[in-house]
Amino acid sequence: WMARPGVVIIFAITLFGILYPIFKGRKERQVAAATGSAPVQTARRGGIHFGPAALFTLIIATIIAVALFESRNFGFRAGLFPWVIGIPTLLLALVQLAKDVTRPKEARASEHEEISPEVARQRTVSIIGWTVGCFLAIWLLGFSYAVPLFVFVYLKFEGREGWLVSIAVTFFSWLFFHMLFERILNVPFPDPLLLSIFS
């Protein structure tokens, strides 16, 4: 009986992860408009613009769609993970594809001009650093502790989120991980390095 409530919780957490950035961006735009700091937007011309960004998004969406199609005959236990992760990801990819093909050429050019090479390098180094840090945390502490810890540290220090948001997202991330992998799928995770050293 834990399977169905677990699926509902997982879908609810996934939906929260999809909708939260949308509401946050809308709130930031409203605050910027109220304070008079909203940027002046130029007139946008309609039409379809299929560029490299749209091609990349289309490839990603196609791969996800093929993976979901191949998993159509999986049993519940084997198909839960690709369905829960793949369906929301495919929807997000399709939304991004629609944005890519409808964004005017002038807007895409201005977005690329705003990012300097130095800022791009800093972001690349930061992403690599966080990725390596996540790997080390999983290696040392194990998945069950590393996942919520990484989410909290990233939101608090890199995302500069408030305490309430950081703690809430961390809790739901742990709940998602715990319900999906430990309670529903019963994935046998290996022991962390620190536990094997001190045991």
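Residues numbered from 1 in each chain as written. Predicted model: local features only at pLDDT ≥ 70, side-chain atom pairs only at ≥ 80, totals over all residues. Heavy atoms only, no water.

### A closer look at the packing of aromatic side chains
Given two aromatic rings, their pairing is described by the distance between the two centres and the angle made by the two planes. One pass over the structure, following the stated rule, counts six aromatic pairs. Ring plane angle 25 degrees and centroid distance 6.1 Å describe the contact between Phe-150 and Tyr-154, whose orientation is recorded as stacked. Pair noted here: Phe-150 and Tyr-154 are both in helix α6 (residues 143-158), with a separation of four residues, about one helical turn. Owing to a relative accessible area of 35%, Tyr-154 belongs among the partly exposed residues under this scheme. Aromatic side chains Phe-171 and Trp-174 sit 6.1 Å apart centroid to centroid with 35 degrees between the ring planes, which places their arrangement in the tilted category. (Phe/Tyr/Trp six-rings, centres within 6.5 Å; stacked < 30°, edge-to-face > 60°. Helix = DSSP H or I, 4+ residues; strand = E, 2+ residues; numbered from the N terminus. Buried < 20%, exposed > 50% of the residue type's maximum accessible area, 1.4 Å probe, protein only.)

### Examining the confidence of the model for the chain
Mean pLDDT over the chain works out to 75, with 72% of the residues at or above the 70 mark. Predicted confidence in the chain is weakest over helix α4 (residues 105-114), with a mean pLDDT of 56, and strongest over α6, with 88. Scored below 50 in pLDDT, residues 1-7 shows nine contacts in the model against residues more than four places distant or in partner chains. In this model residues 38-44 is a low-confidence stretch, pLDDT under 50, and it forms five contacts with partners more than four residues away in sequence or in other chains. (pLDDT = per-residue confidence, 0-100. Contact = heavy atoms within 4.5 Å.)

### With respect to a nonpolar patch on the surface
Side chains of Ile-128, Val-132, Phe-135, Leu-136, Trp-139, Leu-140, Leu-194, Ile-197 and Phe-198 sit close together on the surface and give an oily, nonpolar patch of about 910 Å² of accessible area. The set of elements that each furnish at least two residues to the nonpolar patch consists of α5 (117-141) and α8 (193-198). For the nonpolar patch, the leading source of residues is α5, giving six residues. Topologically, Phe-135 is positioned in helix α5. (Patch = residues over 30% accessible without salt bridge, like charges linked within 9 Å, V, L, I, M, F, W, Y side chains within 5 Å. Areas by Shrake-Rupley, 256 points an atom, 1.4 Å probe, with all protein chains shown as cover. Salt bridge = Lys/Arg side-chain N within 4 Å of Asp/Glu carboxyl O.)

### Let's talk about the packing of α6 against helix α7 (residues 163-184)
Taken N-terminus to C-terminus, the directions of α6 and α7 make an angle of 155 degrees; their axes are 9 Å apart at the nearest point. When the axes of α6 and α7 are compared, the pair comes out roughly antiparallel. The handedness of the crossing between α6 and α7 is right-handed. From α6, Phe-143, Ser-144, Val-147, Pro-148, Val-151, Phe-152, Leu-155 and Lys-156 reach across to α7, where they touch Trp-163, Ser-166, Ile-167, Val-169, Thr-170, Ser-173, Trp-174, Phe-177 and Glu-182. Its residues placed into classes, the contact of α6 with α7 shows eleven nonpolar, four polar and two charged. (Axes fitted to C-alpha atoms, helices over the stretch in contact; angles between N-to-C directions. Parallel < 35°, antiparallel > 145°, perpendicular 65-115°, else oblique. Left-handed = near helix turned anticlockwise from the far one by under 90°. Nonpolar A, V, L, I, M, F, W, Y, C, P; charged D, E, K, R; others polar.)

### Some thoughts on α6
When the terminal C-alpha atoms of α6 are compared, their 21 Å separation across 16 residues agrees well with the 22 Å that a helix rising 1.5 Å per residue should span. Every buried residue belonging to α6 is among Ala-146, Pro-148, Val-151, Leu-155 and Lys-156, and all of these are buried. Packed against the buried residues of α6 are α5 and α7. After α6 finishes, the residue Arg-160 shows a positive phi value of roughly 55 degrees. (Expected span 1.5 Å × (residues − 1).)

### Some details on the packing of α5 against α6
Where α5 contacts α6, the axes come no closer than 8 Å and their chain directions differ by 150 degrees. In terms of their interaxial angle, α5 and α6 are classed as roughly antiparallel. In the packing of α5 onto α6, the handedness of the crossing is right-handed. Between α5 and α6, the residues in contact are Ser-126, Trp-130, Cys-134, Ala-137, Ile-138 and Leu-141 and Phe-143, Tyr-145, Ala-146, Leu-149, Phe-150, Val-153, Tyr-154 and Glu-158, respectively.

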